[in-house]
Amino acid sequence: MPTLCLFHGIKITMNWDDHNPPHFHAAYGDYRAIILIQEGIVSAGYLPKNQLKYVLAWANTHKDELMQNWELAKELKPLNKISSEI
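Note that this is a predicted model, so its numbers are computed, not measured.

A.B. asks: Any details on the sheet that holds strand E3 (residues 23-28)? Residues and values, ideally.
C.D. replies: Taken in spatial order, the five strands line up as E1-E2-E3-E4-E5 in an open sheet, and their pairing is antiparallel. Taken across any chain shown, the strands that pair with only one partner, and hence form the sheet edges, are strand E1 (3-7) and strand E5 (41-45). Between one strand axis and the next, the sheet turns by 25° as a mean value, whatever way the strands run. The sheet contact formed by E1 and strand E2 (residues 10-13) spans four bridges and is antiparallel.

Shown next, in the form of structure tokens:
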């Protein structure tokens, strides 16, 4: 699973040719969550409150880049790194 970004100990990844709806994976220590890109919500898993706030703010800032990577992933193409800036 390619890593798109690392920030505050949180790893953001996306699978190639993954199932809909468009989403990414966030990991922090032993915690894991799947975040829906368009809706900006957790669809599965759990992150601690502070880390979840960072992830959702980051995802909102980088929604277009996440969707571009989603399209690349569907075509099994290399994914682009995304800045950690919020």
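A.B. asks: Account for the pattern of salt bridges, naming residues and giving values.
C.D. replies: This model, assessed by the stated rule, comprises two salt bridges. With its nearest N and O atoms 3.0 Å apart, the salt bridge here joins Glu 75 to Lys 77. Looking at Glu 75, the relative accessible area reads 46%, which means it is partly exposed. Of the residues examined, Lys 77 reaches a relative accessible area of 39% and is grouped as partly exposed.

A.B. asks: Go over helix H1 (residues 49-61) with me, naming the residues and quoting the values.
C.D. replies: Between its first and last C-alpha atoms H1 spans 18 Å; for 13 residues at 1.5 Å apiece the expected length is 18 Å, and the two agree. When we look at burial in H1, the residues that qualify are Gln 51, Val 55, Trp 58 and Ala 59. Along the long axis of H1, the arc covered by the buried residues comes to 100°, so they all point the same way. Opposite the packed face of H1, turned more than 90 degrees from it, sit the exposed residues Lys 49, Lys 53 and Asn 60. Among the structural elements, E1, E2, E3, strand E4 (31-36) and helix H2 (63-74) are those in contact with the buried residues of H1.

A.B. asks: I'd like a rundown of the packing of aromatic side chains, residues and numbers included.
C.D. replies: Summed over the entire model, instances satisfying the criterion amount to three aromatic pairs. Through successive ring pairs, a cluster of aromatic residues spans Phe 7, Phe 24 and Trp 58.

Rules used in this analysis
Residues numbered from 1 in each chain as written. Predicted model: local features only at pLDDT ≥ 70, side-chain atom pairs only at ≥ 80, totals over all residues. Heavy atoms only, no water. Pairing = 2+ DSSP bridges. Helix = DSSP H or I, 4+ residues; strand = E, 2+ residues; numbered from the N terminus. Axes fitted to C-alpha atoms, helices over the stretch in contact; angles between N-to-C directions. Salt bridge = Lys/Arg side-chain N within 4 Å of Asp/Glu carboxyl O. Buried < 20%, exposed > 50% of the residue type's maximum accessible area, 1.4 Å probe, protein only. Expected span 1.5 Å × (residues − 1). Arc of directions from axis to C-beta. Contact = heavy atoms within 4.5 Å. Phe/Tyr/Trp six-rings, centres within 6.5 Å; stacked < 30°, edge-to-face > 60°.

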